[in-house]
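Chain by chain, the residues run as shown.
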Amino acid sequence: MIAQLSDRLRDWLHRRRHAERFALLEGLLRHQALSRAEVLRQQQDDLANIVAFAAANTDFYRDRLAPDRPFIDQPILTKDDVVHNRDAMLARGADRKQVGIAYTGGSTGNPLAYYWDAAKHELMRAGMMRAYMGSGWRPGDGIINFWGASQDIRGGGIARRYGEYVTGERTLGARDFDERKLGEWAACIGATRPVLLQGYASILAELARYVIDKRIAMPRSLRGIYSTAEVLTAEQREAMERAFSCRVFNQYGCREVPNIACECRHGNMHVFTDMVHLESLPQDGADRLIVTSLTNRLMPFIRYDLGDSGRLLPGDCDCGWPFPLMEMGMCRRNDLIRTSSGKVVYPAYFNSLLNGIGPIRQYQFVQTALDRMVLKLVSERPLDGVALEAMRQKVRRDVDGAMLIEVNYVDAIPRSASGKHRFIVAELPATD
Ligand SMILES: [Zn+2]
């Protein structure tokens, strides 16, 4: 009785704290009840509207889009375009005081910055909640996030603990980890009995390996493992399903255009046509994925080349989602960095190191020994020595006190066999 009352109070506090998010979630859930034909018709309307909006409200698209021409004749937006036209892509009516800037990896190794605001963030979270519900999760059910990026782990103390209590969501900083930390995470899952785990594929797979090796029993409360931000290999998926005894749901999206697609409980990947329009264009033997955000009226992304490959699939799924199907091709590949003390560092940590140091055309960190990395840079002029030394100090503090970083200026950085740029490459001799 008391437990029920406490659950109801928590649910009420949760909905009050995130009223906008819950309202958006309800709208998204209504779309799930539509037919395939209805969601596709809605998508075409949304597409025409966002193209017209972008042409009318941004300097960048005003010169670039011809709304009277067919959509497939509009130009492709590359990551370099975004790097060079960030301000011109921002809607003229945007209130700059309410707008934040965030960074992510660009296509050729230059950091890409984009604008965001609270409305975009709330819609992203609502879209994630809808995807989670595919596993049987309901708002308020426990989630543990394993995030590498520090901007997702803000604040501390009582306010944060209250937020975690109300939402049922807890975030563990997973930028780097070792065996001891993996043990702590496994214990935390056992103690808090969450319904979902979410994080980068490489981190969840390491945790799964640890749980299997140590024969740790995971709680039966778990209903889904949501893998994000990286390619998910069959081996990683198998390890996670074995360790946690529940289904793995692969998600597809990026920071600048989230909620592109997610797997359902039948293991099929559905494209969220109420949030994005996705195309697959054949090029050089691969199928390039091109996305248009249907909802971003702050900084529109129209025909944005994601740098990933995949295909749209015909057919329906028995899960009940009306959204069409797709499959991922070969995509993002990054290596984990390891240190002599047994620590493992998530690659995104290195991506954030060069933010704001500019002007960099390309970069790549290559680990050549447990205590040595080479930073390859393509830049018109040498970077500021003080900033570089500050970066080295940060790595010694965060990664390993003995880590040396040698900076090499080069003319170009060769691409990997798949054609993708790799920001982080581990070239360590095999030790085990
Ligand atoms: Zn399905």
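The shown structure was predicted, so the numbers you read here are calculated from the model rather than taken from an experiment. All chains use their own residue numbering, which begins from 1 and follows the written sequence. The predicted origin of the model limits local features to residues at a pLDDT of at least 70 and limits the giving and counting of side-chain atom pairs to 80 or more, whereas totals for whole chains, interfaces and linings rest on all residues.

Caption draft 1: Spatial organisation of the overall build of the chain. Put simply, DSSP marks the helices as runs of H or I at least four residues long and the strands as runs of E at least two long, and each gets a number from the N terminus on. Secondary structure summary: the chain contains 13 helices and 20 strands in total. Against the globule reference of 22 Å for 432 residues, the chain gives a C-alpha radius of gyration of 22 Å, in line with a compact fold. Seen along its three principal axes, the alpha-carbon backbone of the chain occupies a region of about 65 × 55 × 45 Å. To sort residues by burial, count the other C-beta atoms lying within 10 Å of each one's C-beta; a count of 20 or more means buried, 12 or fewer means exposed, and anything in between means partly exposed. C-beta atoms are built from the backbone. Across the 432 residues in the chain, those meeting the buried criterion constitute 38%. Expressed as a percentage of contacts within the chain between residues at least 6 apart in sequence, the contacts between residues at least 24 apart total 68%. When we talk radius of gyration, it's over C-alpha atoms, and the globule rule is simply 2.2 Å times the number of residues to the 0.38. The contact criterion used here is simple: two residues whose C-beta atoms, placed from the backbone, lie within 7 Å are in contact.

Caption draft 2: Up close: the pairing of strand 18 (residues 372-378). Side-chain alternation along strand 18 places Met 373, Leu 375 and Leu 377 on a buried face and Arg 372, Val 374, Lys 376 and Val 378 on a face that remains uncovered. Connecting strand 17 (residues 362-369) to the next strand, strand 18, in antiparallel fashion are two residues. Two strands pair if DSSP finds at least two bridges between them. Pairing analysis gives six bridges linking strand 18 to strand 19 (residues 404-409), with the strands arranged parallel. From the neighbouring strand, Leu 377 faces strand 19, where its bridge partner is Tyr 409. Place the viewer so that the strands point away; then a crossover is right-handed whenever the path from the first strand over the helix to the second strand goes clockwise. In terms of handedness, the path from strand 18 via helix 13 (residues 385-398) over to strand 19 forms a crossover that is right-handed.

Caption draft 3: Examining the sheet that holds strand 20 (residues 424-426) more closely. Read from one edge to the other, the open sheet built from four strands follows the order 19-18-17-20, with strand pairing classed as mixed. Since the sheet does not close on itself, it has two edges, and those belong to strand 19 and strand 20, each with one partner. Each adjacent strand pair in this sheet contributes to an overall mean axis angle of 20 degrees, direction not counted. Here strand 17 runs beside strand 20; their pairing, made up of three bridges, is parallel. Within strand 20, the residue paired with Gln 367 across the bridge is Ala 426. Between N-to-C directions, angles cover 0 to 180 degrees, with each direction set by a line fitted to C-alpha atoms, over the stretch in contact for helices.

Caption draft 4: Expanded view of the domain arrangement of the chain. Where each domain starts and ends follows an automatic or database-derived domain assignment. For the chain, the assigned domains are domain 1 (2-328) and domain 2 (337-426). Taken over C-alpha atoms, the centre of domain 1 sits 27 Å from the centre of domain 2.

Caption draft 5: Spatial organisation of unusual backbone geometry. One non-glycine residue, Arg 215, lies in the positive phi region at around 50 degrees. Within the fold, Arg 215 resides in the loop between helix 10 (201-213) and strand 7 (224-228). On the basis of neighbour count, Arg 215 is assigned to the exposed category, with 6 C-beta atoms found within 10 Å. Its identity is not glycine, yet Arg 303 carries a phi of approximately 55 degrees, on the positive side. Secondary-structure assignment places Arg 303 in the loop between strand 12 (286-293) and strand 13 (304-313).

Caption draft 6: Structural context of the sheet that holds strand 5 (residues 176-177). Strand order in this open sheet of three strands is 5-16-15, and the pairing throughout is antiparallel. Two strands close off the open sheet at either side, each with one partner strand: strand 5 and strand 15 (337-338). With two bridges connecting them, strand 15 and strand 16 (residues 344-345) associate as antiparallel partners. Looking across to strand 16, one finds that Arg 338 is bridged to Val 344.

Caption draft 7: The arrangement of the confidence of the model for the chain in detail. Across the chain, the average pLDDT comes to 88, with 91% of residues at 70 or higher. How sure the predictor is of each residue is captured by pLDDT, a score from 0 to 100. Considering each helix and strand of the chain separately, the mean pLDDT is smallest for helix 12 (residues 348-351), with a value of 74, and largest for strand 10 (residues 269-271), with 98.

Caption draft 8: Spotlight on helix 10. Its 13 residues place the ends of helix 10 18 Å apart at the C-alpha level, agreeing with the 18 Å of an ideal helix rising 1.5 Å per residue. Taken as a whole, helix 10 has its buried residues at Ala 201, Ser 202, Ile 203, Leu 204, Ala 205, Glu 206, Leu 207, Ala 208 and Val 211. In the core, the buried residues of helix 10 are packed alongside strand 3 (143-147), helix 9 (179-192), strand 6 (196-200), strand 7, helix 11 (234-244) and strand 16. Just beyond helix 10, the residue with positive phi is Arg 215, at close to 50 degrees. Multiplying one less than the number of residues by 1.5 Å gives the expected span of a helix.

Caption draft 9: Layout of helix 11. Taken residue by residue, helix 11 has Gln 236, Arg 237, Ala 239, Met 240, Ala 243 and Phe 244 as its buried positions. Down the axis of helix 11, the sector holding all buried residues measures 165 degrees, keeping them to one side. Of the exposed residues in helix 11, the ones pointing more than 90 degrees away from its buried face are Ala 234, Glu 235 and Arg 242. Looking at the buried side of helix 11, the elements it contacts are strand 6, helix 10, strand 7 and strand 8 (247-252). When we speak of the arc, we mean the arc of directions from the helix axis to the C-beta atoms.

Caption draft 10: Representation of the packing of helix 10 against helix 11. Across the interface, helix 10 lies against helix 11 with an axial gap of 8 Å and an inter-helix angle of 45 degrees. Taken together, the axes of helix 10 and helix 11 are oblique relative to one another. In the packing of helix 10 onto helix 11, the handedness of the crossing is left-handed. Of helix 11, the residues touching helix 10 (which contributes Ala 201, Leu 204, Ala 205, Ala 208, Arg 209, Val 211 and Ile 212) are Gln 236, Ala 239, Met 240, Arg 242, Ala 243 and Phe 244. Residue composition of the contact of helix 10 with helix 11, grouped by class: 10 nonpolar, one polar and two charged. Roughly parallel means an angle under 35 degrees; roughly antiparallel, over 145; roughly perpendicular, 65 to 115; everything else is oblique. The hand of a helix crossing depends on one turn: near helix anticlockwise from the far one by less than a right angle means left-handed, and clockwise means right-handed. Residues are grouped as follows: Ala, Val, Leu, Ile, Met, Phe, Trp, Tyr, Cys and Pro are nonpolar; Asp, Glu, Lys and Arg are charged; every other residue, Gly included, is polar.

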